[in-house]
Amino acid sequence: MFTTFDRYLLKRYFHVFVIGFIATYGLYVVFDGFTNIDGFQSGTEEGSSTSLLWIMLEYYFYQSSIFFDMVSPILTVLAGVVVFALMVRHGELNPVLSAGIPTYRLAIPLALATIIVNCVICLNQEVIIPAIADKVQAERGDMGSSAQFVEPVYDFSTRIMINGQELFLTEQKMKNAEFVLSKPMVHDFVTVKSETAIYQNQTETSPGGWLLQQASPSYQELEIAEFAREIILPGPEPNEVFIVTDVGCDQLCNRNFSSLISTADLIARINNPSFSDLSIRKQKLDLHARLTRPIMNLIAVLISIPFVLRKESRSLILNIAICACVMGGLFGISQCFHYMGATKLITPDQAAWFPVITNGTLAAWFTNRVQT
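Residues numbered from 1 in each chain as written. Predicted model: local features only at pLDDT ≥ 70, side-chain atom pairs only at ≥ 80, totals over all residues. Heavy atoms only, no water.

Undergrad: Teacher, can you tell me more about the packing of helix 3 (residues 49-89) against helix 9 (residues 316-342) here?
TA: A packed helix pair is summarised by two numbers, namely the angle formed by the two axes and the spacing between the axes. Across the interface, helix 3 lies against helix 9 with an axial gap of 11 Å and an inter-helix angle of 160°. As summarised for this structure, helix 3 and helix 9 are arranged roughly antiparallel, according to the angle between their axes. Once helix 3 is placed against helix 9, the crossing between them reads as right-handed. Here Val77, Val81, Ala85, Val88 and Arg89 of helix 3 come into contact with helix 9, specifically with Leu316, Ile320, Cys323 and Met327. Of the residues assigned to the contact of helix 3 with helix 9, the class counts are eight nonpolar, no polar and one charged. (Axes fitted to C-alpha atoms, helices over the stretch in contact; angles between N-to-C directions. Helix = DSSP H or I, 4+ residues; strand = E, 2+ residues; numbered from the N terminus. Parallel < 35°, antiparallel > 145°, perpendicular 65-115°, else oblique. Left-handed = near helix turned anticlockwise from the far one by under 90°. Contact = heavy atoms within 4.5 Å. Nonpolar A, V, L, I, M, F, W, Y, C, P; charged D, E, K, R; others polar.)

See the structure below:
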């Protein structure tokens, strides 16, 4: 059962967390806004200050979700450290210990607060960010446009090279698209070009793929192998070609940047045979990192307790400095495992879960250092 003091610690924790986020995001907005002011001014109407402020407000409103996803793990640990440091600074710890309450009993409300923050992080990652992915990637001066540069992709399942000039995420279309058909699908390498290609998602009655409008050459001019007629189909109009592929719009731009998609979409990418082994390995690392992040955040908060509330402490500032060094070392261990996973020295699941095992063991080992 939660006591008044537990609620007091929860209130202080969330106060520090919210103030920390506002302060850090405010610094980011000021620095980024002044650095890229020309980009915002390009989208204003006749240099209006009101229009400029509105464009900046809209842009940074969407960017706040990405920024929250990046800094929330750091703020989670920082808020816990500040709460315990303030307890020592204000002399609130000794009366609690004198009453026979163990030190780690104070960790219960902070653990609950960490779990709540992790739930908000997951909600932001799984629901909010995927819904505004096109807005997040929009240009600073033109929030209404979702145009992106196309990253060429080779579909390993159909052996088709997909390229284009510009991609529009909201409209699910690509300008100046080029689809290179390789042997033995056709007698020789053939490039099918289209001014506008629209991606159509898979339904119960039709497969997913790209509809090439004003295709050149036309479907009738293509000498297609018999097995390829299941992949390259005629479109509804005589000058249209439909190419079946699982490579959609989100995979043609920032395909190795998986933080803008949900976990379900990330798993779908991993199971997609269109990608290379290197790309799939990167996606697996990201998937396991998502699963371990809430646990790592909680372990980091628990590890900070023995160093901030260190037994026979001489200085609170020294305790915080030692805690920061330990956290830096644990972060280095996590990055080392991640590097080994990326270079195929260990498997992606080992790269993500070994830091959890290591840090969890250290959290238990350091418990004898806490002030009691």
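Once the structure has been displayed, the description carries forward.
Undergrad: Could you clarify how one ought to interpret the pattern of salt bridges in this entry?
TA: Side chains that carry opposite charge are capable of pairing whenever their charged atoms lie near each other. Counted by the stated rule, this structure contains five salt bridges. We note a salt bridge from Glu126 to Arg290, for which the minimum N-O separation is 3.7 Å. Pair noted here: Glu126 is in helix 5 (residues 107-131) and Arg290 is in helix 8 (residues 277-308), with a separation of 164 residues, a long-range link. With a relative accessible area of 31%, Glu126 lands in the partly exposed category. (Salt bridge = Lys/Arg side-chain N within 4 Å of Asp/Glu carboxyl O. Buried < 20%, exposed > 50% of the residue type's maximum accessible area, 1.4 Å probe, protein only.)

Undergrad: What's the story with the nonpolar core in this structure? I'm lost.
TA: Nonpolar side chains tend toward joint burial in soluble globular proteins. Residues Phe84 and Ile303 are the most contacted members of the largest nonpolar core, which totals 49 residues. When residues of this core are traced back to their parent elements, those giving at least two are helix 1 (4-35), helix 3, helix 4 (93-98), helix 5, helix 8, helix 9 and helix 10 (348-365). Excluding residues within four positions of it along the chain, Phe84 makes contact with Leu106, Ala107, Leu110, Ile305, Val308 and Leu309. Within the second largest apolar cluster, 33 residues are counted, among which are Ile162, Leu181, Val192 and Val244. (Core = buried A, V, L, I, M, F, W, Y, C linked by side-chain atoms within 4.5 Å.)

Undergrad: Please explain the packing of helix 5 against helix 8 as it appears in this structure.
TA: Taken N-terminus to C-terminus, the directions of helix 5 and helix 8 make an angle of 155°; their axes are 10 Å apart at the nearest point. One finds that helix 5 runs roughly antiparallel with respect to helix 8. Seen along the crossing, helix 5 lies across helix 8 with a hand that is right-handed. The residues of helix 8 that touch helix 5, namely those facing Ala107, Ala111, Thr114, Asn118, Ile121, Cys122, Gln125 and Glu126, are Arg290, Arg293, Pro294, Asn297, Leu298, Val301, Leu302 and Ile305. In terms of residue class, the contact of helix 5 with helix 8 is built from nine nonpolar, four polar and three charged.

Undergrad: Looking at this model, I keep getting lost on the pairing of strand 6 (residues 190-200). Mind explaining?
TA: As a general feature of sheets, a regular strand has side chains that alternate between the two faces. With eight bridges joining them, strand 5 (residues 173-181) and strand 6 adopt antiparallel strand pairing. Its bridge partner being in strand 6, Glu178 is matched across the sheet by Lys193. Inspection of the sheet shows strand 6 paired to strand 7 (residues 209-213) by five bridges, in the antiparallel sense. Bridging across to strand 7, Thr196 finds its partner in Gln213. (Pairing = 2+ DSSP bridges.)

Undergrad: Honestly, the packing of aromatic side chains in this entry has me stumped. Any pointers?
TA: Aromatic ring pairs are reported here in terms of the distance separating the ring centres and the angle at which the planes meet. Under the definition given, this model contains 20 aromatic pairs. Consider the rings of Phe21 and Tyr25, whose centres lie 5.8 Å apart with planes at 5°: the pair is stacked. With Phe21 and Tyr25 both in helix 1, this residue pair falls four residues apart, about one helical turn. Of the two residues, Phe21 and Tyr25, both sit in the buried class. The structure contains a cluster of three or more aromatic residues connected by ring pairs, namely Phe17, Phe21, Tyr25, Tyr28, Phe40, Tyr59, Tyr60, Phe67 and Phe68. (Phe/Tyr/Trp six-rings, centres within 6.5 Å; stacked < 30°, edge-to-face > 60°.)

Undergrad: Looking at this structure, I do not really get the environment of Ala177. What am I missing?
TA: Along the chain, Ala177 falls in strand 5. Note on Ala177: relative accessible area 1%, which makes it buried. In the structure, Ala177 is positioned 12 residues away from Gln165 in sequence and 6.7 Å away in space, judged by C-alpha atoms. If near-sequence neighbours (up to four positions away) are discounted, Ala177 is found in contact with Asn163, Gly164, Val192, Lys193, Ser194 and Ala197.

Undergrad: How do you make sense of the side chain of Arg290 when you look at a structure like this?
TA: Note on Arg290: relative accessible area 14%, which makes it buried. In contact with Arg290, not counting residues within four places along its chain, are Gln125, Glu126, Ser258, Ser259, Ile261, Ser262, Thr263 and Leu266.

Undergrad: Can you walk me through helix 10 in this structure?
TA: At 3.6 residues per turn, the α-helix brings residues three or four places apart onto the same side. The end-to-end C-alpha distance of helix 10 is 26 Å, a good match for the 26 Å that 18 residues give at a rise of 1.5 Å each. On the buried face of helix 10, the contacting elements are helix 8 and helix 9. (Expected span 1.5 Å × (residues − 1).)

Undergrad: Teacher, can you tell me more about the pairing of strand 9 (residues 241-244) here?
TA: By the alternation rule, side chains of strand 9 split into Val241 and Ile243 and Phe242 and Val244, which are all buried. When strand 7 meets strand 9, the two strands line up antiparallel, connected through four bridges. Following the sheet pairing, Trp210 is matched in strand 9 by Ile243. Count of turn residues in the strand 8 (residues 232-234)/strand 9 antiparallel hairpin: six residues.

Undergrad: Just checking my understanding: could you explain the state of the cysteines for this structure?
TA: Each disulfide consists of one covalent bond between the sulfur atoms belonging to two cysteines. If you walk through the whole model with that rule in mind, you get zero disulfides. Not engaged in a disulfide, the cysteine Cys122 finds its nearest cysteine sulfur in Cys119; these two sulfurs lie 6.4 Å apart. (Disulfide = S-S within 2.5 Å.)

Undergrad: Would you mind going over the confidence of the model for the protein with me for this structure?
TA: In low-pLDDT regions, the fine details of the predicted coordinates are not to be read closely. Put simply, the protein has an average pLDDT of 86, and 96% of its residues get 70 or more. Between the elements of the protein, mean pLDDT differs from a low of 78, seen in strand 1 (residues 147-149), to a high of 92, seen in helix 1. (pLDDT = per-residue confidence, 0-100.)

Undergrad: What's the story with helix 5 in this structure? I'm lost.
TA: The end-to-end C-alpha distance of helix 5, which contains 25 residues, comes to 35 Å, matching closely the 36 Å that a straight helix rising 1.5 Å per residue would cover. Where helix 5 bends most, the angle comes to about 40°, and this point is Asn124. Among the residues making up helix 5, those that are buried are Ala107, Pro109, Leu110, Ala111, Ala113, Thr114, Val117, Asn118, Ile121, Asn124, Gln125 and Ile129. Looking at the packing, one finds that the buried side of helix 5 touches helix 1, helix 3, helix 6 (133-136) and helix 8. (Bend = angle between axes of the 7 residues up to and from the residue.)

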